[in-house]
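Observations on the three-dimensional arrangement
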Amino acid sequence: MKALIIVDLQKDFLPGGRLPVPRGDEIVESINGIVDKFDLVVATQDWHPSNHLSFASNHPGKKPFDKVTLDGIEQILWPDHCVQGSEGAGFAAHFDERRVEAIFRKGTDPGIDSYSGFFDNGHKKSTGLKDYLLGRGVKDLYVCGLAAEYCVLYTALDAIELGFKTYYIEDLTRPIDHDAFEQAKKAILQRGGHVLTASSL
Ligand code: VGL
Ligand code: ZN
């Protein structure tokens, strides 16, 4: 059983959004083009309350990309993004959602961020994604979406740790920072995951 997880393909992460990933718009049509190669397609959605502590606006005197410590975990402060129910939290306009069977929302607890689709950054609370995938008999998991070195990376790393055979589709993601993208791919390979391009699917 082969599943695709499409991570955070949301307006706020596209050029023109609140936390734009450069060239993030380029992957939308290509993702639409591969969904039929999978037995199951799921998506994650970053879904923050407006008082979320990953927002610089909720830390007086701080600005986006400053760092703070939240509950003992280093946190990069972001511009407000993917606020629950806002336009920017919606999926990319041209994203074809028809094959998406389930959507897992994350980052809903105001006190902790959640890059991975499986757990918050403290690994305290599960989104239910793991049990859903196991319940559907998934063994092979392919990961794509935005952003390459944050939510796609952490989703892939958790998938590896949970025992899924994990594939990071490197041309169906885009990074915020290019060097961090290279490090992300190394981290996935080091932990036993795989990095491939859509052409080899
Ligand atoms: C993401 C930063 C903050 C992501 C989400 O989807 O990669 N990055 N929230
Ligand atoms: Zn976020």
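In this text the structure is predicted, and so the values were computed from the model without any measurement.

1. Things to note about the nonpolar core
The biggest cluster of nonpolar side chains holds 62 residues, and the ones touching the most others in it are Leu4, Ile6, Leu9, Phe118, Leu133, Leu141 and Ile169. Of all the elements, helix α3 (residues 148-161) adds the most residues to this core, at nine residues.

2. Observations concerning the packing of aromatic side chains
Taken as a whole and assessed by the stated rule, the structure comprises 11 aromatic pairs. Taking the centre distance of 6.4 Å and the plane angle of 45° together, the rings of Tyr168 and Phe181 count as tilted. Of this pair, Tyr168 sits in strand β7 (residues 165-174) while Phe181 sits in helix α4 (residues 178-190), and the two are 13 residues apart along the sequence. Each residue in the set Phe65, Trp78, Tyr115, Tyr150 and Tyr154 is aromatic and connected to the rest through ring pairs, giving one cluster. A cation over an aromatic ring shows up here: Lys2 above the ring of Phe38, its NZ or CZ 5.6 Å from the ring centre. The cationic tip of Arg105 hangs over the ring face of Trp47; the distance from NZ or CZ to the ring centre is 3.7 Å.

3. A few points about the environment of Lys165
Note that Lys165 resides in strand β7. Distance from Lys165 to Lys2, taken between C-alpha atoms, is 9.5 Å for residues 163 residues apart in sequence. Beyond its immediate stretch of four places on either side in the chain, Lys165 contacts Lys139, Asp140, Leu141 and His194. Of the polar contacts made by the side chain of Lys165, one reaches the side chain of Tyr167; its length is 3.5 Å.

Scoring rules and cut-offs
Residues numbered from 1 in each chain as written. Chains lettered and ligands numbered in written order. Predicted model: local features only at pLDDT ≥ 70, side-chain atom pairs only at ≥ 80, totals over all residues. Heavy atoms only, no water. Core = buried A, V, L, I, M, F, W, Y, C linked by side-chain atoms within 4.5 Å. Buried < 20%, exposed > 50% of the residue type's maximum accessible area, 1.4 Å probe, protein only. Helix = DSSP H or I, 4+ residues; strand = E, 2+ residues; numbered from the N terminus. Phe/Tyr/Trp six-rings, centres within 6.5 Å; stacked < 30°, edge-to-face > 60°. Lys NZ or Arg CZ within 6 Å of the ring centre and 35° of its normal. Contact = heavy atoms within 4.5 Å. Polar contact = N/O pair within 3.5 Å; in protein donor to acceptor, adjacent residues only side chain to side chain.

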